[in-house]
Amino acid sequence: MRMKIMASMAVLGIATVSATPALANSSNGETLFKQRCQMCHTNKPGARSGAGPNLSGLSGRTAGTSEGFRYSKKLAASGIKWNQKTLNKFLTSPNKMVPGTRMVVSIPNEEQRKAVVHYLLTGK
Ligand code: HEC
């Protein structure tokens, strides 16, 4: 009985997500950012960087250029421009894309990764 209820809740959850993809993405991305990124990163413009660089204005920015943050040489020299494609790749496995980076947090789940990238680029 319990299993049955949980299964139908799961089905409902999926139906909700596919009915409002933009909305589901946005809140999800923000929540994920708060849960997994915010202990090191702020995304508020002008706010001080923490253990990781300030991530505001990331869209179109060159990697390793947030003012006042001391990056690893590897990321600073990478020449990467942040966009949907590069962020998706980076967050799949930071160390594969930029060997030696000090950013070690990945988001293995594709849906969650998409939502966080969307949030990073649009703030939604
Ligand atoms: C434990 C601290 C920590 C956590 C948690 C963390 N990061 Fe980072 N992040 C860093 C550090 C440190 C760097 C700088 C890496 C370097 O200099 O090589 C970085 C760099 C980055 C960059 C490159 C920024 C730039 O200016 O080029 C992005 C993008 C990024 N992180 C995204 C994320 C996302 C998204 C999450 C959550 C899923 C996250 N990080 C979680 C520490 C963290």
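Procedures and definitions
- Residue positions within a chain follow its written sequence, with the count starting from 1.
- Given that this is a predicted model, residues contribute local features only at a pLDDT of at least 70 and side-chain atom pairs are listed and counted only at 80 or more, while totals for whole chains, interfaces and linings are drawn from all residues.
- Based on all heavy atoms of the structure, the side-chain values leave hydrogens and waters out of the count.
- The numbering of helices and of strands both runs from the N terminus, where a helix is a DSSP run of H or I of at least 4 residues and a strand a run of E of at least 2.
- Residue exposure (1.4 Å probe, protein chains only): buried if accessible area is under 20% of the type maximum, exposed if over 50%, otherwise partly exposed.
- Note on definitions: a residue-residue contact is assigned when non-hydrogen atoms from the two residues lie within 4.5 Å.
- Proximity is defined per residue: any heavy atom of the residue falling within 4 Å of a molecule or strand makes that residue near it.
- Side-chain atoms alone can form a polar contact between residues adjacent in sequence; in general such a contact is a pair of N or O atoms within 3.5 Å, and within protein one must be able to donate a hydrogen while the other accepts it.
- In this count, Pro and Cys sit with the nonpolar residues alongside Ala, Val, Leu, Ile, Met, Phe, Trp and Tyr, while Asp, Glu, Lys and Arg are called charged and the others, Gly among them, polar.
- Each reported salt bridge corresponds to a side-chain nitrogen of Lys or Arg within 4 Å of a carboxyl oxygen of Asp or Glu.
- Think of the donor list as every N, O and S atom within 2.8 Å of the metal, or within 3.2 Å for Na, K and Ca; water never makes the list, so a site can look incomplete.
- All geometry calls rest on donor angles, where a four-donor set with angles between 85 and 135 degrees is tetrahedral, four- and six-donor sets with opposite donors more than 155 degrees apart and all others between 65 and 115 are square planar and octahedral, and all else is irregular.
- On a scale of 0 to 100, pLDDT captures the predictor's confidence in every residue.
- This arc describes the spread of directions from the helix axis toward the C-beta atoms.

- As recorded in an unreviewed UniProt entry, the protein chain goes by Cytochrome C and comes from Altericroceibacterium spongiae.

1. Structural notes on the overall build of the protein chain
Now for step 1: Scanning the protein chain for helices and strands turns up six helices and zero strands.
Now for step 2: Within the protein chain, the fraction of its 124 residues that count as buried is 31%.
Now for step 3: A separation of at least 24 residues holds for 34% of the contacts in the protein chain among residues at least 6 apart in sequence.

2. Some details on the site of the ligand
Now for step 1: The immediate surroundings of the ligand are formed by 28 residues, with Cys37, Cys40, His41, Ser72 and Met103 found nearest.
Now for step 2: One of the backbone N or O atoms of glycine 64 is found 2.9 Å from an oxygen atom in the ligand.
Now for step 3: For the ligand, an oxygen atom lies 2.7 Å from a polar atom in the side chain of threonine 101.
Now for step 4: Of all the secondary-structure elements, those providing two or more residues to the shell around the ligand are α4 (84-92) and α6 (110-122).
Now for step 5: Grouping the constituent residues of the shell around the ligand by class yields 20 nonpolar, five polar and three charged.

3. Section: the pattern of salt bridges
Now for step 1: With the rule as written, the count across this model stands at one salt bridge.
Now for step 2: The residue glutamate 30 makes a salt bridge to lysine 34 at a minimum N-O spacing of 3.3 Å. Of this pair, glutamate 30 and lysine 34 both sit in helix α2 (residues 21-36), four residues apart, which is roughly one turn of that helix.

4. Brief notes about the coordination of the iron atom of the ligand
Note on metal sites: the ideal angle is 109.5 degrees for four tetrahedral donors, and 90 or 180 degrees for six octahedral donors.
Now for step 1: Protein coordination at the iron atom of the ligand comes from His41 (NE2) and Met103 (SD), with a distance range of 2.0 to 2.2 Å.
Now for step 2: For the iron atom of the ligand, the six donor atoms in the first shell make angles of 86 to 178 degrees at the metal, a pattern classed as octahedral. Taken together, the residues span a long stretch of sequence, with histidine 41 in the loop between α2 and α3 (73-76) and methionine 103 in the loop between α5 (94-97) and α6 at a distance of 62 residues.
Now for step 3: Judged by relative accessible area, which is 21%, methionine 103 ranks as partly exposed.

5. Describing the confidence of the model for the protein chain
Now for step 1: Summarising the model, the protein chain shows a mean pLDDT of 86, and 78% of its residues fall at 70 or more.
Now for step 2: Low pLDDT, under 50, characterises residues 14-26; the stretch is placed with three contacts to residues that sit more than four places away or in other chains.

6. Some words on α4
Because the α-helix completes a turn every 3.6 residues, residues three or four places apart line up on one side.
Now for step 1: Among the residues of α4, those classed as buried are Thr86, Leu87, Phe90 and Leu91. Projected down its long axis, α4 carries its buried residues within an arc of 120 degrees, all on one side. Among the exposed residues of α4, those oriented more than 90 degrees off its buried face are Gln84, Lys85 and Lys89.
Now for step 2: Elements that come into contact with the buried residues of α4 comprise α3, α5 and α6.

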